[in-house]
Every structure is written in structure tokens, then in C-alpha cells.
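One-letter residues, chain by chain:
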Amino acid sequence: MEVFKQLKEFYWVEKKYLVSSILCLMAATALGLVYPNMLRILIDDVIMKNRFELVPALSLSLVGVIALKSTLQFFHGFFGGRLGNRVAYRLRNACYDKLQYLSFRYYDNAKTGDLMSRLTADLEALRNFIGFGFAQILNMILMVIFGGIMMLSINWQLTLLTLVTIPLLSFTALRLEKSIHPAFREMRLAMSRLTTAVQENITGVRTVKSFARESHEVNKFAEKSNDYQENQISVSRVWGRYFPIMELLANISAVILLISGGIFVIHDKLSIGEFVAFFSLTWYIIGPMWGIGFHINNYTQSKASGERMLELLNEYVHVKNVEHPVVLSGDAMKGHVRYDNVSFGYGDGPMALTNFALDAAPGKVIGLLGGTGSGKSTVIQLLMRAYDVKQGKVTIDGIDVRELDIESLRGAIAPVFQETFLFSASIRNNIAYGMKDATMEQIVKAAKLAKAHDFIMELPLGYDTVVGERGMGLSGGQKQRISIARALIRNPRILILDDATSAVDMETEHEIQAGFRELMAGRTTFVIAHRISSLRHADEIIVLDNGRIVQRGTHEQLLAVNGTYRDVYRIQYADRPDNDSATAADAWIPGEPERGFAGQKQVQSEGRLYH
Ligand SMILES: Nc1ncnc2c1ncn2[C@@H]1O[C@H](COP(=O)(O)OP(=O)(O)OP(=O)(O)O)[C@@H](O)[C@H]1O
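Remember, it's a predicted structure, so these values are computed and weren't measured experimentally. (Residues numbered from 1 in each chain as written. Predicted model: local features only at pLDDT ≥ 70, side-chain atom pairs only at ≥ 80, totals over all residues.)

**Things to note about the overall build of the protein chain**
Link 1 in the chain: Assigned secondary structure in the protein chain consists of 25 helices and 10 strands.
Link 2 in the chain: Taking 611 residues into account, the globule formula puts the C-alpha radius of gyration at 25 Å, and the protein chain, at 36 Å, lies well above it.
Link 3 in the chain: Buried positions account for 34% of the 611 residues belonging to the protein chain.
Link 4 in the chain: For the protein chain, the proportion of contacts with a sequence separation of at least 24, taken over those separated by at least 6, is 79%. (Helix = DSSP H or I, 4+ residues; strand = E, 2+ residues; numbered from the N terminus. Rg over C-alpha atoms; globule rule 2.2 N^0.38 Å. Buried ≥ 20, exposed ≤ 12 C-beta atoms within 10 Å, placed from the backbone. Contact = placed C-beta atoms within 7 Å.)

This is the structure we're talking about:
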């Protein structure tokens, strides 16, 4: 019950539907008691006394009762359906809302398939129980109480004899609930593993096919499917153990009634009409008792589902606003970024960044260079407050990012990541995603700056072309250019280019960067790149190794000394006769495609060292 207590806020607001649905069901159940009584009247007062003129009136009242009962049942279904759907709607939105605000840390380990199954299968189980299951359990209890009272009013000795098995039946039902609940919980988990497998397989289908691992995937799925099947079978096993016992106990009641009721009739302690009414009342009680297993099934399933929903809803949010956060205003903000001896490690893992210090004055361009896993992206993640620092602090305009309103903080930063994600929507909407109410003019301007306009115009539907999952495929470089446009449209104070041009050729990169330079003016910019050509204009270049700063300075300063930067430079410009020259990179002319592409090949092969 604890689960449903915790979920109260979702269904209690709909109490008018809950109460109406229960009242209708109660009234319909109470009307059901009229049938056995009519049987008694028919036998004792009509047949036994030969008063057949009463039959039409009796039949008409029966029709009236049936009509009324059906109407009440209709309204029970109507209100129950409304209740279930509204509760499901609230819960679904609450879960989705929670998913939006859960921190990056949660998503580091979260499984999409599992989350999908919580928001679909688990939610459906809860909807059914809250809408109907709960009222049906209550109905069952009411039937037993109403029926019991009526039986007691006919003959209390016979009632006690007949219902002697009820405590045993209830005890067995409770035992069943206890043993079937863990099985259901396991079944839900197996279901979520199954959805995760399907989701991962579909997402990674290109990798599966490229490595010809279809049969491996089939076997992997078969294992998970088998787990689910085993779970279903174990539930049936528990079910199979208890069901015959419950059926036996229910039937014992009927046998006791037939024997003792018969004796009562023979000794004139009970009329035949009362006996028949009694018999039908017994089924009125025993019938729902049989359904007890189904209701328990329903209840435990929804309890297991409720636990999984609550687990998500109660998930701790690691990064959230302080009580009175400072809201950054776009116009007043300068974009002065400082890292004061920042250290950070993911979870309990090793330090990803150690004593990182940086003072980026407004409008400055900071370049970050370093090998794979050296901590470049972590620098950015901490600025966006994807994670909270473990030591030191990151400030913007002198305010600790932990004091800032998260929405305004992230709103002031426009990131372009190496991995581009486009929504299944038109290119226009994908670019406009970076800014509310963007005009077509602004969209086109951003696309032109990102050097995306020309290829978009060549598409049959231009800016209305649907991309992403459902849409047409774009090349990696084209997708990257759309995501650059999405960041640029935001007119951000702080611009982040995290390997943003890795998928475009050097010539396009140069063109995009020319656009960037126009845009970077007055904005603090962080550029993470593996190509020296992307970083050389930075005001300060920081070279990272294993989370520590190993070198810092301008392009010229770094080239002038021995160190990682110069080594990387030499590798990338190895095919050039003047690779020792500090100005070699500057001498590269984008209009010379042969040299440019030669350079690119180097980056792709040897540059792997740095990626
Ligand atoms: N979400 C995460 N959870 C746990 N560890 C992480 C996570 N992200 C990064 N790391 C670890 O932190 C370290 C720094 O990673 P980071 O992504 O900052 O490197 P990077 O320099 O940006 O690398 P790359 O150039 O490959 O993108 C690495 O050791 C990495 O394994």
C-alpha cells in the first residue's frame, strides 16, 4: 500500500471520478442482491402458492433492475476510464518532466529501453489498476459483506457453516500475493532488459551490420527473451500452485451448503425458495472469491510498476538550482569565465581534471588541445554545470556557476558538439531549436555563417527537408554544419566548439571558421580541436594531459618551445618542407586544395594520436 500512498498526489486530485466510479459500482453490486431475492419470491410466493398472476410484474421489475444495474455499470466504466487516463496522463508528464531535469550523471548509466518500458508498460499497468482494478477489489469486498449480511438474515446457522472456508480462502490469497509479487517485479525487469536490447540493437544497427554480427545479436536477444519467458513460467508456476487450492476451498463451501441446506429443508427449517436464494447468494460471494487471484495478480503487477515509476520520480537530482539562484541576463552579462583550481572526477572514478586554472576575459578565445581522455570536454561540462566541481570553483562574471539559475546559465552558452544530434524535424526547425521564435531571416543567416545554406538550398525541399531518424540521411559534415547553425542562431555570450568541425573537410572548416571569427567577436569562446589550424588564432591555448595543464600560451609562444604542442604541430604539418617554422600554419592557404587535403589526411591518420 506504501506505493499507492506515495502516488496519492496523482490520483487524489481526481477523487470525484474515483468516488463516482466506486459509488456506481457499489450501487450496481447492491442491485445484484435483488436477483436471489426475486428467485425466493418466485418459488415461495408465486410457484408454491400458485399465484402466477404475479409473474408479469416480477419479470418487469427484473427487467428494470437489470437496466438500472447496466446503467450503473456503464457509469462505473466511464468514470473509471476517465480516472485511469487522467492519472496516467499526470504520471506520464511527471516522469517526462523528471527525465528532462535529471542530471547528466543519471544519464551516464541510464538505459533508454528501461526508461521507455517504465513510461509505457509500467504506466499502463498502473492506469488499469487505478482506473478499474482498485474498484473491482473494493467491489469484491462489498459483495462478500452485502451477500454475507443477506445470508445471515435468511439463516445465520447455515451462513456460518457455508462460509467456514472463507478465512482459509483469504489466508491462501494473501500467501499468493506474497509469493507472486517478487516474480512480477522480476518480470518487469526482464521486460525492461528486453526493450533495452531492442532499442540498442536498432540504434546500433549499422555497427551490427558492418561487423556482420547479426547472428550474435539474435542469440543475445534470444537469451533475454528466454529470461522473460522463464519469468512468465515461474509466475504461472506460483499461480498453478495456489489456484487449485483456492478453487477447492470455494467448492467446499458449495458442498457444505448443499448437504446442510438440504437437511435444513427436510426438517422444515428453511423453505425451498430460501434455499435456492441462499445457493445463489453463495455464488455471489464465492464467484468474486475466485476472481481474487486475478485481482491479486493485477494489484501486484501494478504495485511492481508503481515501485518502478516511484524510483524514477524519486531519483535524486544531483545538479539543481540553489534556493535563490542568480539569473543571468543576456544583455548585462559580460562572459568573464574563471576556473579557480578546479578538480573533478566522474562518480568515484579517478580525477578527470586536476587543479585546472583559467581566466578567460570577455571576448577571448581559449583553445584546448590534448589527447583522448585528457579532460578537454570535462572543462566544458563543468562550465555548463553538467556536473558540479569537486574542488575549486568555476565562475562567470565573478559568480559561482552553482549559484546561477541553470536555465539562464545554459541559455547563455551555445555549444556545438562533435556528436551531432538532429531531431526528426525539418532543417528549419532543427536550426531554430537554439532560439525561441526564430525568424526565417535569422535561420538563413545562421545557416550561411555555418556554411550550410548552399547545401540546404540544393535539397529538393530546402529548409523544409525533414532530417533525423525519419528523414533523409545527411553526411556527417552536413549534420555538423546544421548543428553549428543551431548554436550560432542563439547569439550567445559564450560559444563552445567541442571538436565542432571534425567532420568537415579542411577547406570547409576554414570557411566556417572565417564565419566564427565574425561571430566570436565580443564572445568568450572555447575551441576544442585536434587540428592546430582550428586553434592557432586563440588568445590562449591550453594543452592538457591526463587532466593536468602541461602547456599554455599563444600559438607562437607554444611553437617557440619544446613540448607537446610543437610535437603535434610537427605531426600535422610533417609533409611540409618548412614544418619547423613557427609561421608554417599561418602560411597555409585554404585556396590550395592539394596541400589542404594532404594536411587533412595526416590529421586523420596520425592525428588519431590526439583523438
Ligand atoms: N560521463 C563520464 N563518466 C565517467 N567518466 C567519464 C565520463 N566522461 C568522461 N569520462 C572520463 O574522464 C576523462 C576525461 O574525459 P574527457 O571527455 O574530458 O576527455 P577529452 O579530452 O574530451 O577526450 P576526447 O578528445 O576523446 O573527447 C576520461 O578518462 C574519460 O574516460
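From this point, the narrative continues.
**Concerning the site of the ligand**
Link 1 in the chain: Around the ligand sit 13 residues, and of these Tyr346, Ala352, Lys376, Ser377 and Thr378 come closest.
Link 2 in the chain: At three residues, helix α14 (residues 376–383) tops the list of elements feeding residues into the shell around the ligand.
Link 3 in the chain: Along the lines of polarity and charge, the residues of the shell around the ligand split into two nonpolar, nine polar and two charged. (Near = placed C-beta within 6 Å. Nonpolar A, V, L, I, M, F, W, Y, C, P; charged D, E, K, R; others polar.)

**A short note on the domain arrangement of the protein chain**
By a widespread convention, an interface's size corresponds to the accessible area lost as its parts come together.
Link 1 in the chain: When its domains are assigned, the protein chain resolves into domain 1 (2–313), domain 2 (329–412 + 496–504 + 524–611) and domain 3 (419–491).
Link 2 in the chain: If you average the C-alpha positions of domain 1 and of domain 2, the two centres end up 61 Å apart. (Domains from an automatic or database assignment.)

**Considering the sheet that holds strand β7 (residues 494–498)**
Link 1 in the chain: One open sheet accounts for six strands, arranged β6-β7-β8-β3-β9-β10; its pairing is mixed. On the outer flanks of this sheet lie β6 (413–416) and β10 (548–553), each paired with one strand and no other. Across the sheet, the mean angle separating the axes of adjacent strands is 15 degrees when strand polarity is ignored.
Link 2 in the chain: One ladder, built from five bridges, connects strand β9 (residues 540–545) with β10; its direction is antiparallel. Across the sheet, Ile541 pairs through a bridge with Gly553, a residue of β10. (Pairing = 2+ DSSP bridges. Axes fitted to C-alpha atoms, helices over the stretch in contact; angles between N-to-C directions.)

**Brief notes about the sheet that holds strand β5 (residues 399–400)**
Link 1 in the chain: What the four strands build is an open sheet, ordered β2-β1-β4-β5; its pairing is antiparallel. Each edge of the open sheet carries a strand with a single partner, namely β2 (351–360) and β5.
Link 2 in the chain: By the bridge criterion, two bridges tie strand β4 (residues 391–396) to β5 in an arrangement that is antiparallel. From the neighbouring strand, Thr395 faces β5, where its bridge partner is Asp400.

**Quick look at the pairing of strand β8 (residues 524–528)**
Link 1 in the chain: Counting buried positions along β8 yields five of five residues, so the element is predominantly enclosed.
Link 2 in the chain: As paired strands, β7 and β8 are joined by five bridges and run parallel to one another. Bridge assignment links Asp498 to a residue of β8, and that residue is Ile528.

**A short note on the nonpolar core**
Link 1 in the chain: Core analysis: the biggest nonpolar cluster contains 71 residues, and Ile431, Ala446 and Ala485 have the highest contact counts within it.
Link 2 in the chain: Residues lining this core come from more than one domain, with at least three contributed by each of domain 2 (329–412 + 496–504 + 524–611) and domain 3 (419–491).
Link 3 in the chain: The contact partners of Ile431, leaving out residues within four places of it in the chain, are Ile443, Ala446, Ala447, Ile482, Ala485, Arg486 and Ile489.
Link 4 in the chain: Core analysis: the second largest hydrophobic core is formed by 46 residues, Ile180, Met187, Leu270 and Phe275 among them. (Core = buried A, V, L, I, M, F, W, Y, C linked by C-beta atoms within 7 Å.)

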